[in-house]
Amino acid sequence: QVQLVESGGGLVQPGGSLRLSCAASGSSSSINAMGWYRQAPGKQRELVAIITSDGATNYADSAKGRFTISRYNAKNTVYLQMNSLKPEDTGVYYCNARVNSGVTYWGKGTLVTVSS
């Protein structure tokens with residue numbers, strides 16, 4: 001079992017920055033990939049960025065050039081640095097982890113609001 005706890009969300013003006021953190025506990029040594037997803041009210045959840053155990057990353061087109069995903073501490077923690085934020089980035093951001101068996105886990109989410 002893996003537990004994920006997100007932090008770092010909040011209110012920020014357009015053009016500002018936020019850094020989200022996700023701390024994994026439990027059977028975290030079995031994690032082979034982690035990612036960030038976001039969901040706006042009335043819309044489907046979408047992938048923002050992922051990072052695998054070997055360090056490979058992938059980003060949604062809307063995030064490329066503005067967001068950076070990274071992980072430390074033997075994959076126990078993942079970060080999402082978000083720069084040049086836009087109102088369209090508003091939503092609940094969820095941390096996701098995939099373990100070797102293929103099972104995925106979700107955090108409870110952290111709200112990001114980009115507004116002037």
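Residues numbered from 1 in each chain as written. Predicted model: local features only at pLDDT ≥ 70, side-chain atom pairs only at ≥ 80, totals over all residues. Heavy atoms only, no water.

Draft legend 1. A look at the pattern of salt bridges. Inspection of the entire model under this criterion finds four salt bridges. Glu46 is the partner of Arg38 in a salt bridge, and the nearest nitrogen-oxygen pair spans 2.8 Å. Residue Arg38 pairs with Asp89 through a salt bridge whose shortest N-O separation is 2.9 Å. Taken as a pair, Arg38 in strand S4 (residues 31–39) and Asp89 in the loop between strand S8 (77–82) and strand S9 (91–99) lie far apart in primary sequence, 51 residues in all. According to the relative accessible area criterion, Asp89 is buried, its value standing at 1%. Three or more residues joined by partner-sharing salt bridges are found here, namely Arg38, Glu46, Arg66 and Asp89. (Salt bridge = Lys/Arg side-chain N within 4 Å of Asp/Glu carboxyl O. Helix = DSSP H or I, 4+ residues; strand = E, 2+ residues; numbered from the N terminus. Buried < 20%, exposed > 50% of the residue type's maximum accessible area, 1.4 Å probe, protein only.)

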